[in-house]
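Fold and contact review
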Amino acid sequence: MATPMELRCWGGDWDLPSVHFESLIVLAYGKFAGAKISVKPIDWTWRTITATVPELHFDGCTVIEPTKILNFLRKQRLNADYELTAKQGADTMAYIALLEEKLRPALLHTFWVDAENYINLTRPWFASHSPFPLNFFVPGRQASLALSRIMLTKGESPYCTLTEVEGKIYSDAKECLNLLSHRLGTSQYFFGNTPTSLDAFVFGYIAPLHKAPLSSGQLQQHLKQLSNLCQFCNVVLKNFFTENPPEPPPAIQEPVDANLQKLTQLVNKESNLIEKMDDNLRSSPQHRPHRSDHRPAARSKNSTPA
Amino acid sequence: MSLAAEAFVGQIAAAEPWPESATLYQPLNDEQILLSDNASSLAVQAYLKMCSLPVRVSCRVNAEFMSPSGKVPFIHVGNQVVSELGPIVQFTKAKGFSLSEGLDDVQRAEMKAYMELVNNMLLTAELYIQWCDDTTAAEISRPRYSSPYSWPLSHILAYQKQWEVRRKMSAIGWAGKSLEQVYEDVSQCCQALSQRLGTQLYFFNKQPTELDALVFGHIFTILTTRLTSDELAERVKVYSNLLSFCKRIEQTFFEESDQSPGSSRYSKGPTLT
């Protein structure tokens, strides 16, 4: 690979290399696999409306969509999943499907459909990163695409109105985040000590949610309660996306006091237990009627614009 | 239903025992039902059998329109109507019947992830093959879907359904896929399922769960349904542990009550060869 591969994606902000979650997936995987990818942001070019992002160019061929780009990189022998067993590879596929089905609609809603976030954060950002006169069209087009995707996949009757779909997709997304947190547990990455494509996907979906300064973010607040996922994001950012990456984490952790490690593990187990109890309480039918009085009110506060 | 209403229904559901007159509604077996609907219906039937809950299967022409969410199958239990496998699993859990209680959190996360994989890949592929592939749509799907109705209603309903499915496919990015790529996706999904199953009896421990019911529903239907080409069934047959898994579930749960899982409809034979 003498000539580096070129990746076209949206630019970065809020401590992230890119604000677009699909581009983040590809960037993260590239770092994990050790690929030399030169990043060409499409900000302030006409590609903001013409190109499908992310796009990888190499040797005259163009690949779009994160799954296809990852397959392409694997064929070029840049494989971060090399050490996974067959079962772990199958688990990867399953968890990626879970993310797509449960988390993606809520993410699209948080950034593009929720009125407060769209007006205060997403639209200004994308409009300021597009050239004139595209800044009038690009955010609107993305927003309508996001809304149509949500309504077509999740909006079958009786969820005909947006508010009912919202309730369902946010509860699905919170459940998905809880499941990911359970699966990650106390380990640094999802499969052992080296990051794989599943880590890239999870990072790509969660990092914008974690770092973006959202004004109305019930999903972001839920994520902040899951400390191991936030820790996972920060670790990936620190190890792979800072200018001077520190030494590999295992080398640093060796001299750490064994007692401190045990204490940290206990604290993590405690917080996981509290999470579990909390979830059990929330999901048990006996307790729902008490909480459900609060929930619709809270939901309607969140989803109607100020 | 809003979340509060769902919780309320759950409370009521928990109070009553499972009645003998529970009924499952699906489209007509011989003439109307399509591959994807049959897979979902079979998955629900398998799940209820695994929970040992008796249910009568009733075939109605307008099952899709009676259903509260527009999807088949749906069950009518007491005075509640619940459709689709996910809500039905929660409903039976509220009544005290659950197959996944013995799983810990990580296993439950895996089970949900694999169920989403089946829904995401297998169900979407089935819908694609039925409605976005022109030969299959013209020869099988549209005639079957509209068979109970007379012209012009049959035309309108069939094309409306096709348009809806095609719109959904383009929203999720499957419209640009070729049939070959869809078959490839199905193969990969089956490979993942096969690797997860390995040599075990069921996907988790020795007890079946809702994941087993879902996988059985889809794989059995794919294997026993004749389409314009046999490519789909051939791709699935490569994975022998999935085949034996299906046979085992069929023998354990369907043959003991002498009820064939509706496989005689336009299939090569009544059971798996």
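Residues numbered from 1 in each chain as written. Chains lettered and ligands numbered in written order. Predicted model: local features only at pLDDT ≥ 70, side-chain atom pairs only at ≥ 80, totals over all residues. Heavy atoms only, no water.

Things to note about the UniProt feature "domain: Metaxin glutathione S-transferase" (unreviewed entry) in chain B
Residues annotated by UniProt as "domain: Metaxin glutathione S-transferase" (unreviewed entry) correspond here to residues 187-249 of chain B. This span, residues 187-249 of chain B, is 68% helix and 0% strand, and a straight line between its end C-alpha atoms measures 21 Å. (UniProt positions renumbered as here; feature names shortened; annotations may be inferred. Helix = DSSP H or I, 4+ residues; strand = E, 2+ residues; numbered from the N terminus.)

A look at a nonpolar patch on the surface
All names here are of chain A. Together, F132, F136 and F137 make up an exposed nonpolar region whose accessible area comes to about 410 Å². Relative to the elements of secondary structure, F132 occurs in the loop between α5 (115-128) and α6 (138-154). Given the relative accessible area of 63%, F132 is considered exposed. (Patch = residues over 30% accessible without salt bridge, like charges linked within 9 Å, V, L, I, M, F, W, Y side chains within 5 Å. Areas by Shrake-Rupley, 256 points an atom, 1.4 Å probe, with all protein chains shown as cover. Salt bridge = Lys/Arg side-chain N within 4 Å of Asp/Glu carboxyl O. Buried < 20%, exposed > 50% of the residue type's maximum accessible area, 1.4 Å probe, protein only.)

What about the UniProt feature "domain: Metaxin glutathione S-transferase" (unreviewed entry) in chain A?
Residues annotated in UniProt with the feature "domain: Metaxin glutathione S-transferase" (unreviewed entry) correspond here to residues 173-234 of chain A. Segment residues 173-234 of chain A splits into 69% helix and 0% strand. End C-alpha atoms: 21 Å apart.

Things to note about the packing of helix α7 (residues 162-184) of chain A against helix α10 (residues 227-241) of chain A
Residue and element names in this part refer to chain A. Packing of α7 against α10 brings their axes to within 8 Å, and their N-to-C directions diverge by 75°. When the axes of α7 and α10 are compared, the pair comes out roughly perpendicular. Residues L177, L180, S181 and L184 of α7 pack against N228, L229 and F232 of α10. The residue makeup of the contact of α7 with α10, split by class, is five nonpolar, two polar and no charged. (Axes fitted to C-alpha atoms, helices over the stretch in contact; angles between N-to-C directions. Parallel < 35°, antiparallel > 145°, perpendicular 65-115°, else oblique. Contact = heavy atoms within 4.5 Å. Nonpolar A, V, L, I, M, F, W, Y, C, P; charged D, E, K, R; others polar.)

Looking at the side chain of E64 of chain B
With respect to the helices, strands and loops of the structure, E64 of chain B is situated in helix α3 (residues 63-66). For E64 of chain B, the side chain forms a polar contact with the side chain of Y145 of chain B, separated by 2.9 Å. (Polar contact = N/O pair within 3.5 Å; in protein donor to acceptor, adjacent residues only side chain to side chain.)

Observations regarding helix α6 (residues 134-145) of chain B
Here α6 of chain B has its buried residues at T136, A137, I140, S141, R142, R144 and Y145 of chain B. Lining the buried residues of α6 of chain B we find α3, α5 (105-131) and α7 (153-171) of chain B.

Some details on empty space enclosed by the protein
Residue and element names in this part refer to chain B. The tally for this structure, following the rule as stated, stands at three cavities of 30 Å³ or more. A volume near 70 Å³ is recorded for the largest cavity. For the largest cavity, the full set of lining residues is P27, Q32, I33, L34, D37, V61, A63, E64, F65, Y145 and Y149. (1 Å grid on protein atoms, 1.4 Å probe; cavity = no way out; pocket = protein on both sides within 12 Å on 5 of 7 lines; lining within 4 Å. Points joined across faces, edges and corners; volume = space filled by probe spheres on them.)

Observations regarding the packing of aromatic side chains
Using the criterion set out here, one finds 19 aromatic pairs over all chains in the structure. Between the aromatic rings of W125 of chain A and F126 of chain A, the centroid separation amounts to 5.1 Å while the plane-to-plane angle is 65°, which identifies the pairing as edge-to-face. Taken individually, W125 of chain A and F126 of chain A each receive the classification buried, so the pair is uniform in this respect. Connected via pairs of aromatic rings, a cluster forms that spans W10, W14, W112, Y118, W125 and F126 of chain A. The positively charged end of K177 of chain B is found above the aromatic ring belonging to W174 of chain B, 4.0 Å away from the centroid. (Phe/Tyr/Trp six-rings, centres within 6.5 Å; stacked < 30°, edge-to-face > 60°. Lys NZ or Arg CZ within 6 Å of the ring centre and 35° of its normal.)

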